[in-house]
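Now for the letters of each chain:
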Amino acid sequence: MFTRTLNMYSIINFDRKNFLEILKNIEASRGYISFIDSKQRKGKENKRYKKYLDMKQVLYTAKPPHLSEGSIYAYKWPEWITQSKINELHDKYGVQDDYYIEKKLVSEHIIGNNIGTKVFTQEAVPIESIIFEDSLEVDKQLETLNRSCLNEKFLMNNHRRFLLLPFVAKHNDKYVEPIVIANVYDIGIITIQLILCFEHDKVIELPETPPRDIKFSEIYFNKTVDNYTIEDFWNKELKKNISADGIMEVYEKQLALLSKVELSYNPDNRPVSWTFGDFTMKKDYENHEEFIDKYKRLYVSHLTNGIGQVTQRRSEKDTNQLIDDSTIIRNGEMCYFCSPTSSIVSLGFSTFKEIAEEFLSEDEKELKKQGVYQDHLNSIFKIQTLMASLQYLRFYELTFIKRYFLIKLLDEISQDTYKTLKDYNSVKKNLNFIKIQYDEEVLFFTEGSPKELYKSILEKSNVNNLLSKAESMVKDVREDVNNFRDLEIKKNETLILIITSLLTILLGYNGIKLIVYDVLANFPIIEAFVSKHPLRYTITIWFILILIMVGLNLRRWLINNK
């Protein structure tokens, strides 16, 4: 078995002041599987949804689709449900094929020639029940991870994680078991993480389309309502020919309804990460590093979201260089790669082989006899792969939150909307907020590998480069603002000078006339000349004043336009 897990993310914006209202509304809606209140140190699972799953499991177990000939099946009969209720559910909803059969041999009576009777206990476990249990485990693991290294003030008091209701879908005739995580932060964003694991009998070929371009022919979603009852969980909404991006859009709209506040999101901003699991159990290579070397072009295509044709044309040197440049961790059991486009957690079968075999050791003979031992082994591989990849996915999420804020800031700067000192102070404040809130010294309360991993992802995913660009552009904004202010000041001074000049000219005539008639006309030396033509001298002096004012304003205009 080879597994390829898509981890797609979306970021939703909301007004920071609505943080507590959003938490309250989502909790009241019952539109989730579970959540953990980190501040109160308590978790809560959705009892209504659990009741629905219990009823569905009883229905599917009581109405089995097929019984092997010559076998007798028995199932447990819960006290809280009646036969009439089972019949009612069966008539209303029927039994689909969205379940696994779990059976255990109780007794076997052989008469002769291998003819006899076998007695089993049997349960039909809905796919949704498997997802429910896995989601609870993911919730616990993420909480443990957060508490082990992340700053309590930053995360525990200002953050809430919800595991959202799953959908039911097949891919290549196999049911997927999606996990959907919504993280609500008081900084005004919600992140949605969609986890989709796909099983393959062998390592896949290079994709003909971009790797993230995954489509489903049919998907059954829970209908979106603002407050879920048990009955609502039975009602599914069919959507056909929908992509992973289309699935994300459904959850974006669902959260908008559940939160009951205005949300905004950008469909072009949905980063992707991958998890590869090599469980083919082949002896073609000694360790996982050799496996990666053999299929390195597959890794390159997912690190660049490139189609197979383009990836195949890459030179050997270029392919190796990209792998080397993206490497954060690489050893014989697991590897982690990160590029500006995507990231990959890659795990080899030796990582979990001993754990899985030890877990199944007591039932190994019976499982092999039933021909389902490898299926159980693969199930353990899948869940262990998910749990092992969580810390990489968690820190990748934190880095793309920082990346999102930086890109948003750069986009706002590019729109040339910052003209005043107040605008500059605003952009400077936003940049400092990003730098402080998502700095490794603030995020992590302890030194160690998680902190180093986060720093490496920041570097490999190009976030550090974006930060440098943002800082450089903010400096440019300051220069632009200063230049803009200087220009406005000069324009204002010019206007003042013009107005003052006009007033001087207009009002100056009367002043000059007064000086000529009252002073110069009575001055002993020039009295004889001025008194004969006082108007001529008044106009001459006034005209000289006009020339001086016009000359000064013209000179200032020329200087300001250099």
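Our subject is the structure listed above.
All figures in this text were calculated on a predicted structure; none of them were measured in a lab.

Rules and cut-offs
- Residues numbered from 1 in each chain as written.
- Predicted model: local features only at pLDDT ≥ 70, side-chain atom pairs only at ≥ 80, totals over all residues.
- Heavy atoms only, no water.
- Phe/Tyr/Trp six-rings, centres within 6.5 Å; stacked < 30°, edge-to-face > 60°.
- Helix = DSSP H or I, 4+ residues; strand = E, 2+ residues; numbered from the N terminus.
- Lys NZ or Arg CZ within 6 Å of the ring centre and 35° of its normal.
- Buried < 20%, exposed > 50% of the residue type's maximum accessible area, 1.4 Å probe, protein only.
- Pairing = 2+ DSSP bridges.
- Contact = heavy atoms within 4.5 Å.
- Polar contact = N/O pair within 3.5 Å; in protein donor to acceptor, adjacent residues only side chain to side chain.

*Asks:* Even after reading the chapter, I still don't get the packing of aromatic side chains, so can you show me in this structure?
*Replies:* Two aromatic rings, taken as a pair, are described by how far apart their centres are and by the angle between their planes. Tallying each qualifying case throughout the model produces 31 aromatic pairs. Judged by centre distance (5.5 Å) and plane angle (50°), the rings of Phe167 and Phe221 are tilted. Of the two residues, Phe167 sits in the loop between strand S7 (159–164) and strand S8 (168–171) while Phe221 sits in strand S12 (residues 215–222), which places them 54 residues apart along the sequence. Three or more aromatic residues joined by ring pairs form one cluster here, namely Tyr49, Tyr52, Tyr93, Phe132, Tyr228, Phe233 and Trp234. Positioned above the aromatic ring of Trp80 is the side chain of Lys51, whose terminal nitrogen or guanidinium carbon lies 4.2 Å from the ring centre. The ring of Tyr373 is capped by Lys368, whose NZ or CZ atom sits 5.0 Å from the centre of that ring.

*Asks:* Just to check I follow, could you spell out the pairing of strand S15 (residues 272–278) for this structure?
*Replies:* Within a regular strand, side chains alternate between the sheet's two faces. Across the seven residues that make up S15, a large majority, seven, are buried. Side chains of S15 alternate between two faces, with Val272, Trp274, Phe276 and Asp278 and Ser273, Thr275 and Gly277 buried alike. Across seven bridges, strand S1 (residues 2–13) lies against S15 in antiparallel orientation. Looking at S15, one finds that Arg4 is bridged to Phe276.

*Asks:* Mind showing me how you'd approach unusual backbone geometry here?
*Replies:* Trans peptide bonds make up most of the peptide bonds, and negative phi angles are found at most residues other than glycine. Positive phi outside glycine occurs at Lys260, with the angle close to 60°. Here Asn462, not a glycine, exhibits a phi torsion of approximately 75°, which is positive. Along the polypeptide, Asn462 turns up in the loop between helix H17 (449–460) and helix H18 (463–518). On the basis of relative accessibility, which here comes to 28%, the residue Asn462 falls in the partly exposed class.

*Asks:* Teacher, can you tell me more about the environment of His288 here?
*Replies:* Inspection of the secondary structure puts His288 in helix H8 (residues 288–294). Distance from His288 to Cys335, taken between C-alpha atoms, is 8.1 Å for residues 47 residues apart in sequence. Not counting residues up to four positions away in its chain, the partners in contact with His288 are Asp278, Tyr299, Asn331, Gly332, Glu333, Met334, Cys335, Ser346, Leu347 and Gly348. Reaching out from His288, the side chain makes a polar contact with the backbone nitrogen of Leu347 at a distance of 3.5 Å.

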